[in-house]
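A closer look at the structure
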Amino acid sequence: MIVAEDLRKQYDEFVAVDTVSFTVEEGEIFGFLGPNGAGKTTTMKMIQCVSPKTSGTLTVFGMDVTTHPREIKQLLGVVPQENNLDPDFTVFENLLVYSQYFDLPRAPVETTIAELLDFVQLREKQDKPIEQLSGGMKRRLILARALINAPRLLILDEPTIGLDPQARHLIWDKIKALKAQGITVVLTTHYMDEAARLCDRLVIMDFGRILVDGKPDALVREYIGTDIVDAEHNPRVIACLNRTGAKYDVWGDTVRVYTAHPQDVIAALLNDCGLGTITARAATLEDVFLKLTGKKLRE
């Protein structure tokens, strides 16, 4: 569905995307993860044909983004990060006006709009002004708008940003339903649980480069293990862990041990080091993200 080879985007002296290569297969949910400024949104904009690449190759549906932008856009659906609905129109009118960008006939598109409003559970709100919708309703309406042209590829930029847990889970269910219909989905998100739950494959980017590429659970096993044991950071713990050969990182006042055998690590810390404050939990994609990109705040 998407093939990028040595893709690069540069603004004067600043390199936003630095010779990345990746593929997105038809029918999968593919994620871009990374801190602010990592190059995720810039890469998505190049896929959408709204930001020209500096060098490298990028094809979508087998077509070059430079020479066939109109043909590619005709087959795309886009959910932007911001809520950019038209406040002068009702829910129904927002979809109807947007459909005209694709030159869709009025009669059939009204049926399509009704079906989409049912899909996102907004049929009873179709005559309401946008200002009367909650944040979750607006995100669902933007998703419906992105589907008005029956796209083969759906681009989602932070699809559940700012939503409460109930609204997030509803959006997740809709995204999974779209995948079941054969629609390919590419998304960015800062919610690691969202990426782990939805993505078949993902990349983690930082400073314009791809650090890792793979399935969420496989990345957790490869870079962390199945479990994490946290202990107080002090010289006794470090000495004890060095004797056992355990793999660990220091995070402020905590030592984080990555392991597939948490019971053995806990036993060693309790018996050999005499420690009493130890916690254990399952490793997550967030642990991989922080291990690769660090904990420093990005603006």
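The structure we're discussing is the one just above.
Let me begin by describing the structure that accompanies this report. Predicted model, so just to flag it, every value in this text is computed and none were measured.

Turning next to the overall build of the chain. Each helix and strand in the chain was counted, giving 11 helices and 14 strands. For the C-alpha atoms alone, the extent of the chain along its principal axes is close to 75 × 45 × 30 Å. Put simply, the chain has 299 residues, and 49% of those count as buried. For the chain, long-range pairs separated by at least 24 residues make up 68% of all intrachain contacts whose partners lie at least 6 apart in sequence. A gap of 1 Å separates the mean positions of the 34 positive and 42 negative side-chain charges of the chain.

This next bit is on the packing of helix H3 (residues 91-99) against helix H5 (residues 135-146). Two elements in contact, H3 and H5, have axes separated by 10 Å at closest approach and are oriented at 30°. Of the possible angle classes, the one that applies to H3 and H5 is roughly parallel. Handedness of the H3/H5 crossing: right-handed. Here Val91, Leu95 and Tyr98 of H3 come into contact with H5, specifically with Leu141, Ala144 and Arg145.

Now for the nonpolar core. With 55 residues, the main nonpolar core has Leu141 and Leu154 as its most contacted residues. Among the elements that take part in this core, H5 stands out by supplying six residues, more than any other. In contact with Leu141, other than residues within four places in its own chain, are Leu85, Val91, Leu95, Leu117, Leu122, Ile130 and Leu133. The next biggest cluster of nonpolar side chains, apart from the first, holds 27 residues, and it includes Ala4, Phe30, Met44 and Met63.

Strand order in the open sheet made by the four strands is E12-E13-E11-E14, with antiparallel pairing throughout. Here the strands that pair on one side only, and so sit at the sheet edges, are strand E12 (247-251) and strand E14 (278-282). Taking the axes of each pair of neighbouring strands and ignoring which way they run, one obtains an average angle of 25° across the sheet. With six bridges connecting them, strand E11 (residues 227-232) and strand E13 (residues 254-259) associate as antiparallel partners. Among the inter-strand pairings, Ala231 is bridged to a residue of E13, identified as Val255. Sitting on the sheet, helix H11 (residues 285-293) touches E11, E12, E13 and E14, and the angle it makes with E12 is about 75°.

We now examine the sheet that holds strand E4 (residues 55-60). Each strand in a sheet pairs with its neighbour through backbone hydrogen bonds, running either in the same direction (parallel) or in the opposite one (antiparallel). With antiparallel pairing, the four strands of this open sheet are ordered in space as E2-E1-E4-E5. Pairing within the sheet leaves two strands with one partner each, and these edge strands are strand E2 (14-24) and strand E5 (63-64). Pairing of strand E1 (residues 2-11) with E2, which is carried by seven bridges, proceeds in the antiparallel orientation. When the bridges of E2 are listed, Ala4 appears paired with Phe22.

This part covers the pattern of salt bridges. One pass over the structure, following the stated rule, counts 13 salt bridges. Measuring nitrogen to oxygen at the nearest pair gives 3.1 Å for the salt bridge that ties Lys291 to Asp249. A residue pair is termed long-range when its members are at least 10 positions apart, and Lys291 in helix H11 and Asp249 in strand E12 qualify at 42 residues. Its relative accessible area of 29% is what places Lys291 among the partly exposed residues. Taking relative accessible area as the criterion, Asp249 reaches 23% and is therefore assigned partly exposed. By sharing partners, the salt bridges in this structure join Asp230, Arg256, Arg281 and Asp287 into a single network.

Let us look at the pairing of strand E7 (residues 153-157). E7 sits mainly inside the fold: five of its five residues count as buried. Burial along E7 is two-sided: Leu153, Ile155 and Asp157 and Leu154 and Leu156, pointing in opposite directions, are all buried. One ladder, built from four bridges, connects strand E6 (residues 76-79) with E7; its direction is parallel. Counted as the bridge partner of Gly77 is Leu154 from E7. In the sheet, E7 pairs with strand E8 (residues 184-188) via five bridges, with the strands oriented parallel. Bridging from a neighbouring strand, Ile155 pairs with Val186 of E8. Handedness of the crossover joining E7 and E8 through helix H6 (residues 165-180) is recorded here as right-handed.

The rules behind these values
- Residues numbered from 1 in each chain as written.
- Predicted model: local features only at pLDDT ≥ 70, side-chain atom pairs only at ≥ 80, totals over all residues.
- Heavy atoms only, no water.
- Helix = DSSP H or I, 4+ residues; strand = E, 2+ residues; numbered from the N terminus.
- Buried < 20%, exposed > 50% of the residue type's maximum accessible area, 1.4 Å probe, protein only.
- Contact = heavy atoms within 4.5 Å.
- Lys, Arg positive; Asp, Glu negative; His and termini not counted.
- Charge placed at Lys NZ, Arg CZ, Asp CG, Glu CD.
- Axes fitted to C-alpha atoms, helices over the stretch in contact; angles between N-to-C directions.
- Parallel < 35°, antiparallel > 145°, perpendicular 65-115°, else oblique.
- Left-handed = near helix turned anticlockwise from the far one by under 90°.
- Core = buried A, V, L, I, M, F, W, Y, C linked by side-chain atoms within 4.5 Å.
- Pairing = 2+ DSSP bridges.
- Salt bridge = Lys/Arg side-chain N within 4 Å of Asp/Glu carboxyl O.
- Right-handed = clockwise from strand over helix to strand, strands pointing away.

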